[in-house]
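Each chain, written out:
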Amino acid sequence: MKYFYPIHFDGGNRGCEAIAKSTAIIVGEDVGNQFGYCRDINLDTQLGLDKFLTLVPCGVDSYLADRFLAALNRLFHTHRTMTWRTNYPYRQLLRLISPGDRVLFTGGDMLCYGDNEIVTLNNWLYQHGVETILWGCSMGPENQTTEKLKTLFKFSMIYTRESLTFSYMKSLGLKNVCLLPDPAFILSPESCSLPDCFAKGRVIGINISNYVMGGITLDGRFANEVLGLIEHILSDTDLHILLIPHVTWVFKTQSQDDREIARLIADHFGNNERIDILDIDSLNYCQIRHVISKCWAFIGARTHAVISSYSTCVPAIALGYSIKSRGIAKDLGLDEALVVDSKNFKEGELLKSFMYLLNNHDAIHNHLLSVIPEYSQRPYQIREKLSFT
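What comes next is a walk through the structure. Residue indices follow the written sequence of each chain, beginning from 1 at its first position. The predicted origin of the model limits local features to residues at a pLDDT of at least 70 and limits the giving and counting of side-chain atom pairs to 80 or more, whereas totals for whole chains, interfaces and linings rest on all residues. Side-chain measures were taken over the full set of non-hydrogen atoms in the model, leaving aside hydrogen atoms and water.

**Thoughts on the nonpolar core**
Among the buried residues, those of types Ala, Val, Leu, Ile, Met, Phe, Trp, Tyr and Cys that are joined through side-chain atoms within 4.5 Å form a nonpolar core. Summary of the burial criterion: residues with accessible area below 20% of their type's maximum are buried, those above 50% are exposed, and those between are partly exposed, where the area comes from a 1.4 Å probe applied to protein chains only. Counting residues in hydrophobic clusters, the biggest one holds 92 residues, and the most contacted among them are Y310 and L319. Ranked by the residues each element gives to this core, the list is headed by helix α10 (residues 221–236), at 8 residues. We call two residues in contact when some of their heavy atoms are within 4.5 Å. Among all residues touching L319, those that are not within four sequence positions of it are N207, I208, V212, F222, I299, G300, A301, V340 and L350. Core analysis: the next-biggest nonpolar cluster, separate from the first, contains 30 residues, F4, F35, F105 and V130 among them. Only DSSP runs of H or I with at least four residues qualify as helices, and only runs of E with at least two residues qualify as strands; both kinds are numbered from the N terminus onward.

In structure tokens:
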């Protein structure tokens with residue numbers, strides 16, 4: 001049996017790298033039997049993903065072809081033209097898939113956004129008799145659409161990564177649903193050189209994304225929360241701040257590059273000597289996890305950066321904007337004060353959350369030490385449910 005991962009994309013999002021590597025380990029098949037859709041072969045090879053998956057390049061990014069298919073969609077607006085356009089970049093991967101193979105839709109929170117390629121690809125594969133699994137997902141009622149609801153019933157199995165999503169999926173009447181932690185919890189830190197700030201004292205790692213800030217900007221309401229917290233850390237603690245990017249994607253119409261926000265923050269504070277930016281260009285996910293593991297505490301927007309903190313028992317605040325952050329923290333038995341909803345918050349809430357972490361640091365650390373060893377091994381239980389070797 002061969003396994004395919006069409007929503008891997010590439011390690012420009014280190015979370016995608018984490019899911020791909022951990023899933024490949026759990027599945028346990030040879031590289032030649034696991035295939036990942038990849039938009040950046042060179043980067044993924046540098047990150048070592050070619051040791052886990054056979055990397056299948058996306059179809060040639062043809063601007064004219066995309067415009068032609070978009071025009072067809074506007075003219076006819078049928079499911080067929082929409083499918084053609086969505087599936088076009090995946091054509092090299094789809095040609096390799098046969099009935100009897102398994103397709104695992106990773107991506108974690110992809111269903112937290114609008115109707116996308118998971119819906120279109122899953123419908124197409126279902127029509128062609130291919131078994132599909134929604135893998136390590138999060139989704140809430142606020143994310144539901146008519147098309148998503150239809151396609152959910154076409155998956156052979158749905159593996160939810162936290163109990164809030166699990167309860168919601170069950171409430172829809174879906175039968176083949178299981179609950180296990182995110183697969184990335186199984187990964188171990190990989191040793192690498194640490195930035196100089198670790199030799200100067202305690203370090204708090206901070207990861208900020210465009211999703212929580214409302215874009216690559218420091219002008220939003222939540223940006224004021226972040227800047228106010230950093231001001232407090234600099235003036236009222238001896239902590240050194242390490243800004244830790246986790247996504248470096250830049251698209252034609254939108255940037256998701258965490259490095260850009262990190263630079264804006266560093267510039268805002270006049271390149272203060274207690275603020276550093278981690279250079280992740282040559283670091284893979286497990287090496288970034290090693291850096292996070294050495295932090296005294298962590299604040300993160302990217303889910304898989306926060307998972308690195310949890311999995312290494314570093315007390316963390318999750319800057320959540322969807323069900324996934326609340327669900328993972330809840331399942332780990334963490335106080336809801338350690339999740340701050342960047343879309344719905346009260347002024348001063350982030351600072352209040354930090355003060356809670358500050359005052360309860362050791363208790364949080366000890367709690368994670370007690371639960372993580374067992375919790376982080378649970379994803380392997382999916383093998384029994386799916387008859388993996």
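That covers the picture; the talk isn't over yet.
**A closer look at the sheet that holds strand β11 (residues 297–300)**
Each pair of strands is called paired provided DSSP finds at least two bridges between the two strands. The strand order β10-β9-β8-β11-β12-β13 describes an open sheet built from 6 strands, whose pairing is parallel. Of all the strands in the sheet, just β10 (275–277) and β13 (339–341) have a single pairing partner and so form its edges. Averaged over all neighbouring strand pairs, the angle between strand axes comes to 20°, with direction disregarded. Here β11 runs beside strand β12 (residues 316–320); their pairing, made up of 3 bridges, is parallel. Pairing of G300 across the sheet is with A318, part of β12. Axis definition: a line fitted to C-alpha atoms, limited for helices to the stretch in contact. Angles are taken between N-to-C directions and run from 0 to 180 degrees.

**A closer look at empty space enclosed by the protein**
With a 1 Å grid spanning the protein atoms alone, the term cavity applies to any set of points in which a 1.4 Å probe fits but cannot get out, the term pocket to an open set with protein on both sides within 12 Å along at least five of seven lines, and the term lining residue to any residue with an atom within 4 Å of a point. Grid points are joined across faces, edges and corners, and a volume is the space filled by probe spheres set on the points. Counted under the stated rule, the structure contains 4 cavities of 30 Å³ or more. By volume, the largest cavity is sized at about 70 Å³. Elements that contribute at least two residues to the lining of the largest cavity include exactly α13 (303–311), β12 and α14 (323–331). Among the elements that make up the lining of the largest cavity, the one with the highest residue count is α13 (4 residues). In this structure, the second largest cavity encloses a volume near 40 Å³. In terms of lining, the second largest cavity is formed by I206, N207, I208, L243, I244, P245, D258, A262 and I265. Those elements that provide at least two residues to the lining of the second largest cavity are β8 (203–207) and α11 (258–268). Ranked by residues supplied to the lining of the second largest cavity, first place goes to α11 with 3 residues.

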